[in-house]
Amino acid sequence: WVWKGWSAFGTGLVAALWAYDGWNNLPMAAGEVRDAQRNVPRALFFGMILILLIYGAVNVAYFYALPFAEVLTARSPLNSGAGALPVATKAALTFLGAGGISFLIVAFTVSALGAMNGSILTSARVPFAMAQEGVFFKKLAYVSPRTHSPIVSILIQMVWACVLAVSGKFDQLTDYVIFGSWVFYALCAAAVIVLRIRKPDLVRGYRVPGYPVVPVVFIIVSLCLLANTLMTSPRESGIGLVIILLGLPVYWFGFRKKATEP
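Parameters at a glance
- Residues numbered from 1 in each chain as written.
- Predicted model: local features only at pLDDT ≥ 70, side-chain atom pairs only at ≥ 80, totals over all residues.
- Heavy atoms only, no water.
- Helix = DSSP H or I, 4+ residues; strand = E, 2+ residues; numbered from the N terminus.
- Expected span 1.5 Å × (residues − 1).
- Buried < 20%, exposed > 50% of the residue type's maximum accessible area, 1.4 Å probe, protein only.
- Contact = heavy atoms within 4.5 Å.
- Arc of directions from axis to C-beta.

A. How the structure looks around helix H6 (residues 99-123). Between its terminal C-alpha atoms H6 stretches 36 Å, which fits the 36 Å expected from 25 residues at 1.5 Å a residue. Buried within H6 are the following residues: Gly-100, Leu-104 and Thr-122. Where H6 is buried, its residues contact helix H2 (25-28), helix H5 (87-96) and helix H7 (125-132).

Next comes the structure, spelled out in structure tokens:
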């Protein structure tokens, strides 16, 4: 009973983290933000507050429009029955009728395209920045003189995204992403502590409120999440881990020497 409850909690948590994932994208483009030291933390803080309020209001609306039993039997990661409808569909049917389905399809498509646009433009900055630092293929550092964007990095990301899109189901891909992302979130938080110890006099553009408690708690929570995902979704998380590990030999034999140079 405890194991089933823990597994259900972990499955629901991964789905929720996917819904909130995106806060990490903004810092990837910090190098192109005006007055980034001030504006990036503000955007992260107020953006997260706004999203919490919107998500909270939407869930209140669901419970206002539907009896609790209808919400409980809605389609979700914990209830994937063939006949179960998503809670948004059930709520829309109560006040929009059958036409509400078409409205939701359009709304979800627009929302997905907007989220995808932001992810594409920001995530491509990671291999672009690595190439600029000499720890990845130089071609990915190319910037278009017309659009001033790293078009090679974006195109390579597009190809890899297409490969992933035809390799599994949506839920599988989100499990890959969440597991892989939280590995690096934990590593980033650990890097804050390591750099504070090794280079205490280094000039820092950003400060960590509540250091060292905040990063330590974040690392512990991240490790718990990763352990839960490994236990509840061993195949998906294992594949995500293998994809990450495939990058190690590429870095070790191709770019490690450059990374360790002064």
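B. Representation of unusual backbone geometry within the structure. In this structure, Pro-212 follows Tyr-211 across a cis peptide bond, with omega equal to 0°. Secondary-structure assignment places Pro-212 in the loop between helix H9 (170-198) and helix H10 (213-232). Positioned with a positive phi, Asp-35 is a non-glycine residue whose angle comes to about 50°. Assignment of secondary structure puts Asp-35 in the loop between H2 and helix H3 (36-65). Backbone geometry places His-148, a non-glycine residue, at a positive phi of 60°. Following the sequence through the fold, His-148 ends up in the loop between H7 and helix H8 (151-165).

C. Quick peek at H7. Of the residues making up H7, those classed as buried are Arg-125, Pro-127, Phe-128 and Ala-131. Along H7, the residues classed as buried sweep out an arc of 165° about the axis, all on the same side. Close packing links the buried residues of H7 with H2, H6 and H8. After H7 finishes, the residue Gly-134 shows a positive phi value of roughly 85°.

D. Quick peek at the environment of Tyr-55. Tracing the sequence through the fold places Tyr-55 in helix H3. For the pair Tyr-55 and Tyr-20, spaced 35 residues apart in sequence, the C-alpha to C-alpha distance is 9.6 Å. Look past the residues within four positions of Tyr-55 in its chain and what remains in contact with it is Ala-19 and Tyr-20.

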